[in-house]
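Residue-level listing of the chains:
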Amino acid sequence: MTGLPPFSDRLLGWYDRHARSLPWRVSPGDRAQGVRPDPYRVWLSEVMLQQTTVAAVKSYFAVFTQRWPDVQALANAADEDVMGAWAGLGYYARARNLLACAREVTRHRNGRFPETADALRDLPGIGDYTSAAIASIAFDEPAPVVDGNIERVTTRLYAIETPLPAARKAIRVRVAEMTPKSRAGDFAQAMMDLGATICTPRSPTCILCPVSEGCVARQEGRQEEFPKKLAKKAKPSRRGAAFVARRARDGAILLRRRPASGMLGGMAEPFTTDWSSKTDGATGLDAAPFAADWRRAGEVTHGFTHFDLTLEVWLATIQAEPTDAGWWAPVGDLNAAGLPTLMRKAVEAALAAAPSR
DNA sequence: TACCCGTGGAA
DNA sequence: TTTCCAAGGGT
């Protein structure tokens, strides 16, 4: 009587039949034929996918690869073009680091990404997960890849009782043990596909799982108890104000650029008061950036990761440019203005209250 | 370590 | 409606 095949063989066999088809992925069949993924596309997709769903990333990945087909093209792009193209995807430090990384690779590494996880880890925006993912997927290094999916799968397989994030070290040890010397990239992608489609956070479909026989949590009927997590803190609520200036002649909107660091760093916005996760910004007419016929245009609310924000929205229609601290964005081109979602909401609320021309 | 940093879809 | 959370990194 023979036992079950090794864990990685069972998982890879499942992946060969059920791998998701994704724009940045080389299918296991093509991979077996010797097709290599483009490291630039692997890197770009991995950065976009940090804390972001596949569905949200797809259109951004298409735009970026069309507009900047290789790392050199991206390195030569203007900052505001890349920040604008990233608008709406969130976590804008990723876009700043993306550009810094592209320029480092282009200008100091001959346009080639390093081929080991250790070396990749030194580049901006590339941490433990992303370095291992690129090294294994693009360069076949059997580096232990641990993302949220793999944390969930692994804590269930071994019924790891330690709550996250303290369990990360033990998880990494287990993943390093499981990762095969060959097909390490397919193995990592198989673990992520398993977590995304079978071993889901709620109601995992263990009946379809190719490795359920070896899963301790499943054997004990406790699969939904893992991963254990520390309780999270309550989110505070903050307030602030946005002042949307509209040019009388053509309805264009006055925008400026936020400082490079901090919340929404480097992104475009209408004039806002100085809110943060810790303090309210100024509100009311006295907080206006310059004198004009400001009218209340309602409020917008927005939930960030660690606090909720409500902005008063004020609107004024003005004749001339009152400041040189920004630029006029044509209203018909608002989608192209590169506004983060909070600011897009504020401008839309102001325009909804504006008298039609 | 603990906190900061977006967004939108699912349940 | 609220809560959760998705291919995390920086500090």
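Residues numbered from 1 in each chain as written. Chains lettered and ligands numbered in written order. Predicted model: local features only at pLDDT ≥ 70, side-chain atom pairs only at ≥ 80, totals over all residues. Heavy atoms only, no water.

**Notes on the side chain of Thr 65**
With respect to the helices, strands and loops of the structure, Thr 65 is situated in helix 4 (residues 54–67). A distance of 3.3 Å separates a polar atom in the side chain of Thr 65 from the backbone oxygen of Ala 62. (Helix = DSSP H or I, 4+ residues; strand = E, 2+ residues; numbered from the N terminus. Polar contact = N/O pair within 3.5 Å; in protein donor to acceptor, adjacent residues only side chain to side chain.)

**A few points about helix 14 (residues 341–353)**
With 13 residues, helix 14 should reach 18 Å at 1.5 Å per residue; the first-to-last C-alpha distance of 19 Å fits that figure. All buried positions along helix 14 are accounted for by Leu 342, Met 343, Ala 346, Val 347, Ala 349 and Ala 350. Buried residues of helix 14, viewed axially, fall in a sector of 155°; they line one side. (Expected span 1.5 Å × (residues − 1). Buried < 20%, exposed > 50% of the residue type's maximum accessible area, 1.4 Å probe, protein only. Arc of directions from axis to C-beta.)

**Describing helix 1 (residues 7–18)**
Here helix 1 spans 16 Å end to end across 12 residues, near enough to the 16 Å set by a 1.5 Å rise per residue. Here helix 1 has its buried residues at Phe 7, Ser 8, Arg 10, Leu 11, Leu 12, Trp 14 and Tyr 15.

**Remarks on the protein's contact with DNA strand C**
Surrounding DNA strand C, one finds 26 residues, the nearest of these being Glu 46, Gly 125, Thr 130, Asp 147 and Asn 149. A share of 65% of the atoms of DNA strand C within 4 Å of the protein falls on sugar and phosphate groups. Between Glu 46 and DNA strand C, the recorded distance is 3.1 Å, taken from a side-chain N or O atom to a base nitrogen. Within the residue set of the surface near DNA strand C, elements represented by two or more residues are helix 9 (128–139), helix 10 (148–157) and helix 12 (184–197). Class assignment of the residues belonging to the surface near DNA strand C gives a composition of 10 nonpolar, nine polar and seven charged. (Near = heavy atom within 4 Å. Nonpolar A, V, L, I, M, F, W, Y, C, P; charged D, E, K, R; others polar.)

**What about the UniProt feature "domain: HhH-GPD" (unreviewed entry) in chain A?**
Here the UniProt-annotated "domain: HhH-GPD" (unreviewed entry) positions come out as residues 48–197. With 63% helix and 0% strand, the stretch residues 48–197 has end C-alpha atoms that lie 20 Å from each other. (UniProt positions renumbered as here; feature names shortened; annotations may be inferred.)

**Brief notes about the domain arrangement of chain A**
Per the domain assignment, the segments of chain A are domain 1 (7–225) and domain 2 (237–353). In this structure, domain 1 and domain 2 have C-alpha centres spaced 36 Å apart. At the interface, eight residues of domain 1 touch 12 residues of domain 2. Contact between domain 1 and domain 2 buries roughly 670 Å² in total, counting both sides, with carbon and sulfur atoms accounting for 59%. When the buried surface of domain 1 facing domain 2 is broken down by residue, Met 83, Tyr 92 and Arg 96 rank first, second and third, together holding 57% of it. Across the contact surface, domain 1 and domain 2 share zero salt bridges. One can count three residue pairs in polar contact (both at pLDDT 80 or more) joining domain 1 with domain 2. At three residues, helix 6 (residues 79–86) tops the list of elements feeding residues into the side of domain 1 that touches domain 2. (Domains from an automatic or database assignment. Contact = heavy atoms within 4.5 Å. Buried area = accessible area lost by both parts, 1.4 Å probe. Salt bridge = Lys/Arg side-chain N within 4 Å of Asp/Glu carboxyl O.)

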